[in-house]
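Structural features, examined
These are the residues of each chain, in order.
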Amino acid sequence: GGARGTNEDAYAWARLAHDVIGTPHVYPQMGDGAQINLLGFDRATIDEAANASTIILMAPDLKEELPVLYLRLRDAAQKRRSRIIEFVQKRSGLTPNAWRTIEYHAGGITDAVAACSADPDIVRQLATGDVVIIAGRANLAEHPLEVGNGVVAALQLVPGAKVLPAWRRGNIVGAIEMGLRQGEEGLSVLGIAKAAASGNIECLVLLGCDPLADFPDTDLARRMMAGAPRIIAIDTFLTKSNASADVLLAAAAYGEKSGTTTNIEGRVTTLSARVTPRGTSRPDWMIATELAELLGVDLGVSSVDDLTEAIAANVAGFGEATVAALHSARDGIVCHGTLPPATARVATIDERNSYDYRLVVSRKLYDNAVGTAKSPSLAHLTTGSELHLHPLDIERVGSTDGADVKVTSKRASMVFTVVADDSVVRGSAWVPFNQPGPSIGELIDSAEVVTDVRVESF
C-alpha cells in the first residue's frame, strides 16, 4: 500500500522496508492499478493534455475515476482545442465528446491501436500537432501489463507523444517515486500474494490497504490473508482485512497531518493538518521512524520538514522540492523520477468459446471503499453489483432486462441481475467493482490475461 499517505509517509516506510528490514518485497498497489513503469515515459502535464491537438485515451472512465481530469478534457473537446481518440471496452463519459471511439475486447489493445495506421483520417490527425496519451487500468479483469502494451503500440504510431498516467488512487505516484516499490529481485503484488498464500512469507504488512475489498482476485486475497502467519496493519479505519491482524496501528487520516503529495503529472504540493488526530493515531511517518528506532536504526528525522528535505536530497528528480521552494511555489513543483519506461509483453490468450463473453470490470465514483461506507452522506450512492450486457447479447442468451442469470468463469459460478446497456461492447460483459451484492472478484483469476465468462438464463 501507500497511496493513502503523504510523500513523507511513503519515504519513511520505504526506508524502513528497504534499508532497515532489508526486504525487496514491497509494492504500492493492491493489484487494481496500472504498472508503475508508466511513469518512465515522457510525462505530460494535465494542462498539456487539455491543450493537445490529439488526446489518445486508453484509460478507465474518467468521469467515474478522475472526474476533474474528465472536466478538463471535455472542455478541450467542446471548445475544439483537442480531438479525442478513445479506445474502449465500454463506452465512457467522454464518448459523446470523442472524435473517434474505437471499440475492442479485453486483451486486444495492441491490435486495436495498430489498426489505426490503416485509417488515413487518424494518421492525418496525429500529424497535426501535439499528442498526449492518457493511459490507465480500464479493466480489472485484464492483466495490468496490457496498459503498457497499449502505450508502446501508440508510441509506435506517434513517437513524440507524451504520456499522462491515469491512476485513481490518491498519492500513488508519490508512493512509487518515494521508493515504496519492489527492490532488486523483489516480488510484485501478485508474487507477494501467491507467496503468502503458500505460507512462504513470515509477516505481511498492510499499509493502508484492504486486500479483501480491493484485490480483483478475491480468492487469492483470501488465501493470502489466511496463509500469512503474522499480519501487521496500519490504517485509519477497521476493515475486513485488518480486523484479523495480529497488530493494528492507528494512522492519522487526510486532513490530520502535514506534508506533501504528488499528483499524476508529478506536481508536488503541500498540505497541512486541519484536524487534530483522534486518540493515539499518528501520521505514518512517525510510526515508521519509531519502528526503525526499535529495530536499532535512526532514520535521522524528527519532523515532517526533515523528511521533505531528505526527499529533496535523496530521491532522484525531486531535488527542487525543498521546504522553502514548496512554500513559495503557488502551484507546486513538477518533479519526475528516473523509472525506466514500460515495455511491451507478448500475451498468450486462450481461444474464446463462441458462447463466452469477455469480462470487463471497472470502478464507479462511489463504491464500498471504507471512506465512502463510513460517510452517512455518501454510503447510499453505491449502485449495486449487476451484470451489464448489450441488449442484443441479452437476447442472445435468452434472457431479459432485470432477470437473474448465472455467470460462470473457470473459477466459479455466481448469480447476477442482468441489465441492458448499449454502452457495453458486444461480446463483452461489464460489472462494476466493489459494489453491494455479489462480488465479481470471485470470478477473476489475476494470473490470466483476460477472464471469459459464460452467461446462462434460468
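Scroll up to find the structure.
Quick look at the structure, then. Keep in mind it's a predicted model, so treat the numbers as computed, not measured.

Within the chain, the secondary structure is distributed over 16 helices and 17 strands. Compactness check: the chain gives a C-alpha radius of gyration of 22 Å against a globular reference of 23 Å for 458 residues, within 12% of the reference. On the principal axes, the C-alpha backbone points of the chain span a range of 65 × 50 × 45 Å. When each of the 458 residues of the chain is scored for burial, the buried share is 52%. Approximately 19,700 Å² of the chain is accessible, and the part contributed by carbon and sulfur atoms is 50%.

The subject of this paragraph is the packing of helix α9 (residues 189-197) against helix α11 (residues 218-227). Where α9 meets α11, the closest approach of the two axes is 7 Å, and the angle between their N-to-C directions is 55 degrees. In terms of axis orientation, α9 runs oblique to α11. Seen from above, α9 lies across α11 with left-handed handedness. Where α9 abuts α11, its residues L190, A193, K194, A196 and A197 lie against L220, R223, M224 and G227. A per-class count over the contact of α9 with α11 returns six nonpolar, one polar and two charged.

Paired through backbone hydrogen bonds, the strands of a sheet run either parallel or antiparallel to each other. Taken together, the three strands give an open sheet; going across it, the order is β9-β10-β11, and neighbouring strands pair in antiparallel fashion. Of all the strands in the sheet, the pair left with one neighbour each is β9 (259-262) and β11 (333-334).

All told, the structure shown has zero aromatic pairs when counted by the stated rule. Taking NZ or CZ as reference, K90 lies 4.6 Å from the ring centre of W430, over its face. Over the ring of W99 we find R100, and its NZ or CZ is 4.1 Å from the ring centre.

Our next topic: α11. Three or more residues of α11 are buried, namely T218, L220, A221, M224 and M225. In an axial view of α11, the angular spread of the buried residues amounts to 160 degrees, which keeps them on one side of the axis. At its buried positions, α11 is contacted by α9, β6 (203-207), α10 (211-214) and β7 (230-235).

Attention now goes to the sheet that holds strand β8 (residues 247-250). Within the open sheet, the three strands sit side by side as β6-β7-β8. Their pairing is parallel. Both outer strands of the open sheet, β6 and β8, are each paired with one neighbouring strand and no more. Ignoring strand direction, the axes of neighbouring strands in this sheet form an average angle of 10 degrees. Of the pairings in the sheet, the one linking β6 to β7 comprises five bridges and is parallel in character. Bridged to L206 within β7 is A233.

This part takes up the pairing of strand β17 (residues 452-457). Pairing geometry for strand β12 (residues 356-362) and β17, over three bridges, is antiparallel. Across the sheet, the residue bridging to R358 is D452, located in β17. Here strand β14 (residues 404-408) runs beside β17; their pairing, made up of four bridges, is antiparallel. Residue pairing for β17: T408 is matched across the bridge by R454.

Conventions we followed
- Residues numbered from 1 in each chain as written.
- Predicted model: local features only at pLDDT ≥ 70, side-chain atom pairs only at ≥ 80, totals over all residues.
- Heavy atoms only, no water.
- Helix = DSSP H or I, 4+ residues; strand = E, 2+ residues; numbered from the N terminus.
- Rg over C-alpha atoms; globule rule 2.2 N^0.38 Å.
- Buried < 20%, exposed > 50% of the residue type's maximum accessible area, 1.4 Å probe, protein only.
- Areas by Shrake-Rupley, 256 points an atom, 1.4 Å probe, with all protein chains shown as cover.
- Axes fitted to C-alpha atoms, helices over the stretch in contact; angles between N-to-C directions.
- Parallel < 35°, antiparallel > 145°, perpendicular 65-115°, else oblique.
- Left-handed = near helix turned anticlockwise from the far one by under 90°.
- Contact = heavy atoms within 4.5 Å.
- Nonpolar A, V, L, I, M, F, W, Y, C, P; charged D, E, K, R; others polar.
- Pairing = 2+ DSSP bridges.
- Phe/Tyr/Trp six-rings, centres within 6.5 Å; stacked < 30°, edge-to-face > 60°.
- Lys NZ or Arg CZ within 6 Å of the ring centre and 35° of its normal.
- Arc of directions from axis to C-beta.

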